[in-house]
Every structure is written in structure tokens, then in C-alpha cells.
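Topology and contacts: notes
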Amino acid sequence: MNQHLAEKFGTPTYVYDLDVVAESRDQLFGLLPEGFQVFYALKANPHPEIAHELHRGGCRAEISSTGELAYALQAGFEPGEILYTGPGKTDAELAQAIGAGVRLFSVESVTDLQHVGVAAEKHGVVASCLLRVNTTQGSASTGIRMMGRPSQFGIDAETLPSLMPALKATPGTRVVGAHFFTMSNAKDEDSLLGEYEFVLQSAAQLHQEAGLPLELLDIGGGFSSPYAVPGVRTDYPKLRAGLEQLLDLYLPEWRTGEIELACESGRYLSGSCGSLLAGVVNVKESRGSRFVILDAGINVVGGLSGIGRLLPAAVGIEDTDPNGATGSLVGPLCTPGDSLAKAAKLPELAPGDVVTVPNVGAYGVTASLISFLGRPAPTEVVVRGDEVVSVSRLDYQRAYEVSP
Ligand SMILES: *Cc1c(COP(=O)(O)O)cnc(C)c1O
């Protein structure tokens, strides 16, 4: 199938399988107690077809720009199903989002809440707001309790008791709950449960002692999925029962539906649906080392590593040969930073061959240095099993628009 798609659509090409999106979505809902809402973080992959498949199965959308708002609406989300987050919401963005009907915001500071309120009042509406909480960091399971770090994200938990009256009185807004997001990509169940215990404990305490409303409590995410290497999504068989136990302990009202619960995920929902097909452009030897030069570099995959956001990309191709010779997989860009894998066990490769990088449905195209060095964006092919559903390519500005 991949070989066939590479021949038909060329390389580099991303292939997203909607059947796998549906499977991931259903698996995540299955890991959670009944009634949990799941917000899909469009940051992971805003492709409308992927977002649509998640919406069809009951997900809501978490966005943090008007670009993502447009993708979410295109994917079929109702404005009322959207949560708008982020520390730098501009007045123009807020006006646009509220104008489009978005009514739920996560606010990261007192002034952020005020900005939402001003935009809502101009529109003659009241915006529902979740206070994002900057907790003291740490996982209950490991007993590590660091002091809360300064951050552009969230309101410092320790300041909430004194701020609460002013927050609740902010014109144009109604504080309806809290948003926690303390952890990404948790490798094991115990650290996830430990984190949630800490979050639920903090939420319950702020509810009781500071009057933090909890009509809606977003406990964050952290569900992990492999990135750009073979593997499967992490299963968390004890999560559902563990979470129910923690909720009974800290927020027993959840059983009566008094508190609506939500979590959020990007990579777990879209990561494993996507593969990148990259073409071998050249193979060269240099001082005893082999370099396989692909037509896909950090402009196509793993781009965030180029800006130091993540560890350097270390992709693993599906066709790795454990008995193969060692070599480097590099992209075509004129920077030594364009390295995808060093000392990889590679099969025999020659120009024209295609290699497959699995598990890049999240943080692929839009998390890459797409306009760096002026190459076209990769093709994105959406399939459902063996059937091609759509073919598209992000069209970024190839030429500068010069104003007179
Ligand atoms: C990035 C982000 C997510 C998604 O994170 P994943 O690790 O992809 O699940 C969810 N919520 C918020 C607030 C985020 O910033």
C-alpha cells in the first residue's frame, strides 16, 4: 500500500489512516471513567479530516489560534464544542473567536481573563472561563514535590485564594471551572495516576478553600504514543479504575454529574494514524560513514528539534534491518541540523527507494520547519484502510507579499 501510494503521489508524503484515528479515539475513551469529555488538541495535527473523525466519535476541540479555529470549524466542530487556550490571546483573536460563537476559554492570568471579558462584553455575551492553574509541580506517586515554577502558563495556585473574588467579578466572564495541564507523554500508568491524584487534590482544595468553581474540571492529559519510531500507543489498563477511585476520594460529587470532567490529548489521538513516506535521493560514503540522503528533513518531520524544543530527531524507519550496515539518515537541507537518525541499522538503500517513518500523525507537518529552505510542503494523503479519502498539501506563502 505505502509503495503504491509513494508511486502515485510521490514523496515526501504523509499517509493518515482514519481507521487508526477512530481506534485511538475509542481506546482513549475506554481508558476513562464514563462521562469524561475528551478535548483534541489540534496543535498535534490540525488536518480537518483527522479532526472530523475525532469529532464524529465524540471529541471536542482544544485550540489556541484563529487558524486552529478555522480548521476546527472546517472539521465540523460546533463553536460550543471548542475550548480556546493559550497565554497570548490577542484582542483581535478573541473578537474573532467570540464572533464565531466560541464561549469557553482557558485563561492563564488575571489580565488574560480581563481581555476575554472585554471582548465578550463588546459582543454582548458572557464567556465561560476555566482558570488554568500553575500548580506546585510534582507527582504524588514518586513523592517529588518541587516548588511551583514561574511560568507563562496558568495562575499560581497559591495566589488563587486572594485573587478569587476579583476573578469571579470580572465583567463579561463567568468562571466555571479549572484547567490543569501538568504533564505530557507519560510513559507509565503510575506517573499518570500520581499526577492526576495531585491535580484532583489541588482542585478539591482550591474548591473548598478558595471557592474555585468546578462545574467543569479539565484534568489535563499526558497519554503517550511513540513518535517517529515503530511501536504502539501505551495502554493504561488500570487507569479507569484508578481514576474513579481518586475521584471518589477527592471529588465524590463527580458521581452525581455536578462536576463535568474532561481531559485533553493530541498525540494519543492522532500520533499512530500517520506514516511518512520518504524517498532516498542519494547514498554517499564519507570517511567510512554512510549517509542516506532523503527528500524529507526537518522541514517535513521532527522540525521542532531544529529549534531545540525537543531532543534531536531520532527516527526509526519501519524497514530497519538489525543485520544491516550502520548509517545516518539525513534530509536534503543545507544545515548539519538536518539529521533524522545517526548510527541507524539500515537496509540496503539506493536512490529511488522509499522508507517509511511510522507514528508521525502528531507533530509532523505543522510542527516542522516547513518553509525553511523554500521546499514545498509534503503531500498529505488521508486513507480509510485501503481507500484513499483525500489528497492535500499545505500551501504556505511561497513569495513575499510586499505592500506598497
Ligand atoms: C500541547 C497540549 C496538549 C496536547 O499534548 P499531547 O502531549 O500531544 O497530548 C494538550 N493540552 C494543552 C494545554 C497543550 O498545550
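Residues numbered from 1 in each chain as written. Predicted model: local features only at pLDDT ≥ 70, side-chain atom pairs only at ≥ 80, totals over all residues. Heavy atoms only, no water.

With respect to the element layout, E260 can be found in strand 10 (residues 260–265). We classify E260 as partly exposed; its relative accessible area is 40%. Distance from E260 to G35, taken between C-alpha atoms, is 8.0 Å for residues 225 residues apart in sequence. Those residues in contact with E260 that sit more than four places away from it in its chain are Q37, E215, L216 and L217. At 2.2 Å, the side chain of E260 forms a polar contact with the side chain of Q37. (Helix = DSSP H or I, 4+ residues; strand = E, 2+ residues; numbered from the N terminus. Buried < 20%, exposed > 50% of the residue type's maximum accessible area, 1.4 Å probe, protein only. Contact = heavy atoms within 4.5 Å. Polar contact = N/O pair within 3.5 Å; in protein donor to acceptor, adjacent residues only side chain to side chain.)

Here we take up the side chain of T356. By the secondary structure assignment, T356 is in strand 15 (residues 354–357). On the basis of relative accessible area, T356 is assigned to the buried category, the value being 5%.

Attention now goes to the site of the ligand. The immediate surroundings of the ligand are formed by A41, K43, E62, R132, H179, F181, S184, E264, S265, G266, R267 and Y363. Within the contact set of the ligand, a nitrogen atom lies 3.5 Å away from a side-chain nitrogen or oxygen of E62. At 2.5 Å from a nitrogen atom of the ligand is found a side-chain nitrogen or oxygen belonging to E264. In isolation the ligand offers 380 Å² of accessible surface; the protein chains occlude 91% of this area. Residue classes in the shell around the ligand are distributed as three nonpolar, four polar and five charged. (Near = heavy atom within 4 Å. Areas by Shrake-Rupley, 256 points an atom, 1.4 Å probe, with all protein chains shown as cover. Nonpolar A, V, L, I, M, F, W, Y, C, P; charged D, E, K, R; others polar.)

The next thing to look at is the pairing of strand 11 (residues 274–286). Looking down a regular strand, the side chains alternate between one sheet face and the other. Alignment of strand 1 (residues 13–17) against strand 11, held across four bridges, turns out to be antiparallel. Within strand 11, the position partnered with T13 by the bridge is L277. As defined by bridge partners, strand 11 adjoins strand 12 (residues 289–294) across six bridges and the pair is classed as antiparallel. Looking at the pairing, S286 lines up with S289 of strand 12. Between strand 11 and strand 12, which pair antiparallel one after the other, the connecting turn spans two residues, and R287 there sits at a positive phi close to 45 degrees. (Pairing = 2+ DSSP bridges.)

The next point concerns helix 3 (residues 48–56). Among all positions of helix 3, only P48, I50, A51, E53, L54 and H55 are buried. Backbone geometry just downstream of helix 3 places G58 in the positive-phi region, at approximately 105 degrees.

Turning to the pattern of salt bridges, a few remarks are in order. Overall, the coordinates contain 13 salt bridges when judged by the stated rule. Note that D19 and R384 form a salt bridge whose closest N and O atoms lie 3.7 Å from each other. Remark: R384 occurs in strand 16 (residues 379–384) and D19 occurs in helix 2 (residues 18–31); sequence separation between them is 365 residues. The class of R384 is partly exposed, set by a relative accessible area of 28%. Here R174 makes a salt bridge to E215, at a shortest N to O gap of 3.1 Å. Linking R174 in strand 8 (residues 173–179) with E215 in the loop between helix 8 (189–210) and strand 9 (216–218), this pair joins segments that are 41 residues apart in sequence. Judged by its relative accessible area of 37%, E215 falls in the partly exposed class. If you follow the salt bridges from partner to partner, you end up with D19, R25, D26, E53, R56 and R384 in one network. (Salt bridge = Lys/Arg side-chain N within 4 Å of Asp/Glu carboxyl O.)

This part covers helix 2. With 14 residues, helix 2 extends 20 Å between its outermost C-alpha atoms, agreeing within 8% with the 20 Å of an ideal straight helix rising 1.5 Å per residue. Along helix 2, the positions that sit buried rather than exposed are L18, V20, V21, A22, S24, R25, L28 and L31. Residue D17 occupies the N-cap position of helix 2, its side-chain oxygen lying 2.9 Å from the main-chain nitrogen of D19. (Expected span 1.5 Å × (residues − 1).)

Formed by 108 residues in total, the largest nonpolar core has its most connected members in F105, L131, L200, L217, I219, F223 and L329. Looking at this core, you find at least three residues from each of domain 1 (2–12 + 272–392) and domain 2 (32–265). Setting aside residues up to four positions removed in sequence, F223 forms contacts with L28, L32, N185, L192, Y196, Y236, L239, C263, E264, S265, R267 and Y268. (Core = buried A, V, L, I, M, F, W, Y, C linked by side-chain atoms within 4.5 Å. Domains from an automatic or database assignment.)

What follows concerns the domain arrangement of the chain. Looking at the assigned domains, one finds that the chain contains domain 1 (2–12 + 272–392) and domain 2 (32–265). Centre-to-centre, using C-alpha coordinates, domain 1 lies 33 Å away from domain 2. Of the roughly 1500 Å² buried at the junction of domain 1 and domain 2 (both faces included), carbon and sulfur atoms supply 50%. It is S272, N359 and Y363 in domain 1 that bury the most area against domain 2; as a group they hold 34% of the surface buried on that side. Where domain 1 touches domain 2, the interface holds one salt bridge. Here E53 makes a salt bridge to R384, at a shortest N to O gap of 2.7 Å. For the interface between domain 1 and domain 2, the tally reads 13 residue pairs in polar contact (both at pLDDT 80 or more). Secondary structure elements with two or more residues in the side of domain 1 that touches domain 2: strand 16 and strand 17 (387–393). A breakdown of the residues in the side of domain 1 that touches domain 2 according to their chemical character gives twelve nonpolar, nine polar and two charged. (Buried area = accessible area lost by both parts, 1.4 Å probe.)

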